[in-house]
Amino acid sequence: MINPQIVTEAKEKNTKTHPIWFKLKHNKMTTIGFLVLFLIVCLAILAPILTPYDPAKINVAEKFQGPSLQHLFGTDEVGRDILTRILFGARLSLGVGLLVIFVAACIGIFIGAVSGYFGGIIDQIIMRVMDMLLAFPTLILAMALTASLGPSLHNAMMAIAIVEIPIYVRLARSETLVLREKLFVKSAVVFGIKPIPIILKHIIPNAVSPVIIQATLDVGNAILMIATLGFLGLGAQPPTPEWGSMISTGWKYLLDYWWYPTFPGIFLFLTSGALNLIGDGVRDILDPKSNR
Amino acid sequence: MTPLVQINHINKIYGNRKDVIEAVKDISLPVYEGETLGLVGESGSGKSTLGKLLIGLEAPTSGEITYRDKVLWKKKRFMRPRPGEIQTVFQDPQSSLDPRLRVKQIIFEPLSALPLKERKEKGSIERLHALVKRVGLKVEHLDRYPHEFSGGQRQRIAIARALITGPSFIVLDEPTSALDVSVQAQVLNLLKELKQENQLTFLFISHNMSVIRYMCDRIAVMYKGGLVEIDETKNVLNHPKHDYTKMLLSSMLKVN
Amino acid sequence: MLDIKNLSIEFNDLNGKVKALRNINFHIEQGEIVGVVGESGSGKSVTALSILGLLDENAHISNGSITYHDQNLLEMNPKDIQSLRGKKIGMVFQEPMTALHPTMKIGQQLMKVIRQHKKVNKKEADRFAIEALKDVHIHHPEKVAKQYPFELSGGMRQRVVIALAMSSPPELLLADEPTTALDVTVQSEILNLMKELNQKRNTSILLITHDLGVVSQLCDRTIVMYAGQIVETGLTFDVLHSPKHPYTKALLNSLPDLKKQDQPLEAIEGEVPDLRNPPVGCPFNSRCKHTMPVCHEHDPKLEICEGNHYVACWLRRDKV
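The name that an unreviewed UniProt entry assigns to chain B is ATP-binding cassette domain-containing protein, with the source organism given as Terrilactibacillus laevilacticus. Looking at the Sequence similarities (unreviewed entry) heading of the UniProt record, one finds this comment for chain B: "Belongs to the ABC transporter superfamily."

Going by an unreviewed UniProt entry, chain A carries the name ABC transporter permease and comes from Terrilactibacillus laevilacticus. One UniProt comment on chain A, placed under Sequence similarities (unreviewed entry), says "Belongs to the binding-protein-dependent transport system permease family." Recorded in UniProt for chain A, the comment headed Subcellular location (unreviewed entry) runs: "Cell membrane".

Concerning the UniProt feature "transmembrane region" (unreviewed entry) in chain A
Residue and element names in this part refer to chain A. The UniProt feature table records "transmembrane region" (unreviewed entry) at residues 32-50, 94-118, 125-147, 212-236 and 257-278. Secondary structure content for residues 32-50 is 95% helix and 0% strand, and the end C-alpha separation is 24 Å. As annotated, residues 125-147 has a helix share of 91% and a strand share of 0%, and its two end C-alpha atoms lie 27 Å apart.

A look at the interface of chain B and chain C
In this assembly, 29 residues from chain B lie in contact with 34 residues from chain C. Buried area between chain B and chain C, summed over both chains or domains, comes out near 2800 Å², and the portion from carbon and sulfur atoms is 51%. Sorting the residues of chain B by area buried against chain C places B:Tyr214, B:Leu253 and B:Val255 first, and these three jointly supply 26% of that buried surface. Counting every contact that joins chain B to chain C gives zero salt bridges. Here chain B is connected to chain C by 14 residue pairs in polar contact (both at pLDDT 80 or more). Contributions of two or more residues to the side of chain B that touches chain C are made by helix H6 (181-198), helix H7 (209-215) and helix H9 (243-250) of chain B.

Focus: the environment of C:Gly90
Residue and element names in this part refer to chain C. In this fold, Gly90 is placed in strand S6 (residues 89-92). Gly90 sits 107 residues away from Leu197 along the chain, and the two C-alpha atoms are 13 Å apart. Excluding residues that lie within four positions of it along the chain, Gly90 makes contacts with Arg85, Ala165, Pro170, Leu172, Leu173 and Leu174.

Description of the sheet that holds strand S9 (residues 169-173) of chain B
Residues and elements named next belong to chain B. Taken in spatial order, the six strands make up an open sheet running S8-S9-S10-S3-S11-S12, and their pairing is mixed. Each edge of the open sheet is held by one strand with a lone partner, namely strand S8 (86-89) and strand S12 (226-232). Here the average twist between neighbouring strands, direction ignored, is 15°. Judged from the five bridges that link them, S9 and strand S10 (residues 201-206) form a sheet pairing that is parallel. Looking at the pairing, Phe169 lines up with Thr201 of S10. Packing of helix H5 (residues 151-163) onto the sheet brings it into contact with S8 and S9, and relative to S8 it is tilted by some 175°.

Overview of the UniProt feature "domain: ABC transporter" (unreviewed entry) in chain B
Within the UniProt annotation, "domain: ABC transporter" (unreviewed entry) is assigned to residues 5-249 of chain B. Within residues 5-249 of chain B, the helical portion is 34% and the strand portion 27%, while the C-alpha atoms at the span's ends are 27 Å from each other.

Let's talk about the pattern of salt bridges
All names here are of chain B. This structure, assessed with the given rule, holds 30 salt bridges over all chains. Measuring nitrogen to oxygen at the nearest pair gives 2.8 Å for the salt bridge that ties Arg218 to Glu35. Of this pair, Arg218 sits in strand S11 (residues 218-223) while Glu35 is found in the loop between strand S2 (21-32) and strand S3 (36-40), placing the two residues 183 residues apart along the sequence. We note that Arg218, like Glu35, is buried. For Glu118, the salt bridge goes to Lys122, with nearest N and O atoms at 2.8 Å. Separated by four residues within a single helix, Glu118 and Lys122 lie in helix H3 (residues 116-122), roughly one turn from each other. Accessibility expressed as a relative area gives 13% for Lys122, which makes it buried. Because the salt bridges share partners, they merge into one network encompassing Glu33, Arg68, Arg82, Glu85, Glu118 and Lys122.

Conventions adopted
Residues numbered from 1 in each chain as written. Chains lettered and ligands numbered in written order. Predicted model: local features only at pLDDT ≥ 70, side-chain atom pairs only at ≥ 80, totals over all residues. Heavy atoms only, no water. UniProt positions renumbered as here; feature names shortened; annotations may be inferred. Helix = DSSP H or I, 4+ residues; strand = E, 2+ residues; numbered from the N terminus. Contact = heavy atoms within 4.5 Å. Buried area = accessible area lost by both parts, 1.4 Å probe. Salt bridge = Lys/Arg side-chain N within 4 Å of Asp/Glu carboxyl O. Polar contact = N/O pair within 3.5 Å; in protein donor to acceptor, adjacent residues only side chain to side chain. Pairing = 2+ DSSP bridges. Axes fitted to C-alpha atoms, helices over the stretch in contact; angles between N-to-C directions. Buried < 20%, exposed > 50% of the residue type's maximum accessible area, 1.4 Å probe, protein only.

As structure tokens, then:
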């Protein structure tokens, strides 16, 4: 009944060149973003192999040494190698940034899907709470939360995750409102499938792509926010190698020892910049609405 | 004959006090076991709303629907007879299949509402393969995604999904309206054969009089939410009583 | 009046070239209503868009010409085409809402178009607008002129679109599935209206549709398209009553209109071929009941079989 040739041909065509990669290759800025990020990730992963130094070990004898072959980016006020601390700091920043956004996105998408699917009073309550959270500037709210929970990397992560959640709730909710009307969701209702399985099986998987776009854009922000909190002394505590706190301590010595805050700053800039380029590229591809 | 479904004085009103749309107005009709009842009308006639009341997607504002003498709606609660007993095939096969699931998962989905024992029994691989072949698909199609199929094939998938639970009653809401005529013919033939083989009862909703004429034993004509005529197909076609039915028949375009 | 010769159009998509039209030849004469029927993917809409110069950017006209009164439309600059489009060639699409300005009153929209074509003052334009609405059998033209598109029903909107298209007035009206989105009772009214305008004003109409019933009601001549090619063309009566191409025959037989309930419909098995790499030979060869070896080797040309009736099929050829 069905011409098998057509179907197999169609299938081959679909797997040959995946349109997303096709388009990504043609976007220069995104490619640059990917290259930079790839480099930083490699450096972070290979950190223990690349440097002979320990990021936390104090060696007062070698403090404030300028960039040299031995210490490419110089040393800090207690003689630790700055390059080593930056590389280990990259592990922390990238890891924390990804983790925070992942957690925020997962929680946000679920709350948003529940809110949008059920509607009514549940929706009202959830959305008013989210509006309250969104009313504050994210950074101020994150600072307030960390300050009240006590300054530590853990609490900073939690605070950032909390302030990021409303964005995903809104996004997932608006997707859900569209998906709820789709016939495959209506079909599932007719089959007698309960709401939570419908949300998990149909709503969330289909709402996930705009969330991924938002998440790629937000990882850079989260890294910046972690660094900001670190800079203010609310995030990672010494001796943890963290870019923000390195810049914070280093900038007091900027005039005498320029290398100390400069190199962590450059890495922070490169990382969040690369992530933003990637995020923009991914959005252009996956979201036709913002394209033209 | 005993009615499988009995609709008694059903009303469906949308909107609040100021802006009221009466989608379905005081409709009473039986659907007999084993028949195909055609529900014909134009857009806004309320035919799709009536279908939704039967499958549990919309609650009636007043009136009563019984299925095998059991009430379907108690206030706003749908009293599902036995899961999978009433099934449906929608118009648009683009949107009725989840693009993220494989065909096998799609066809098996209705089973997940069934009790474990029945689920195992009906979800056997042999049964799945037989069903897939019966609707004109191939076993190797089971691992593919909906976007790899044409409209007609997607509608076959939707039909297989409706049959997996072994239903008695299927509401077909414009099942071929989105298809090309040559493919429509394939699907209509298939539906007719399946109805014979499985002793099904169909409620066939369509705006297309020639499809309804070909498929249905009885025809119910709806106009602006009300039921204007219901009779056996040949009577409706040859001796239409209501003016609207006459108008509908006269505006049918005949090829020859 | 309009003459299309050897027209071939390709689309570039991510996975290759889609050969949407292959060697299309037909013409429309003054005052004629020509119907183009085909299923989805047959290339009927692409044909209409190419006449209007409205093809997507990724479309590429690889061969052929579209001549309108001795002017090749494909070589004209976009500005001239646009003025031609508004003035000499009117258009009506499936979804009337897309052709109407959503926040402008019906009367204003009509007046704007009328004043583009005629040098008249506001008062006269207003009068012409009411006149135009009367011509499409709108009962209270003064009232409708003051309404917005969303206040009208689908049928009324399509009437307004026809009034807009006819106001220049055009020599050729291109109608792409004009009644597909409408109810059957409204559909026959709109078709009657189009027929009437054709007779009154001698406007030629090119009607694109998937519905053989619409064609039989309205068209003088019918062109049957399949997989980007014309497979049969002739007077509507001839094509529908004595179809020569197996595809046309099968299409007519797959309609439920005339079948008794106990007769199965004669469905055309299989699917439309993939136009990225169209099959060698006749495009219908994978679904045809009468295939011969030659069908898989060479593509049959459209050839005359009797009077004005042309068909592209090897079966015919053997008999001739």
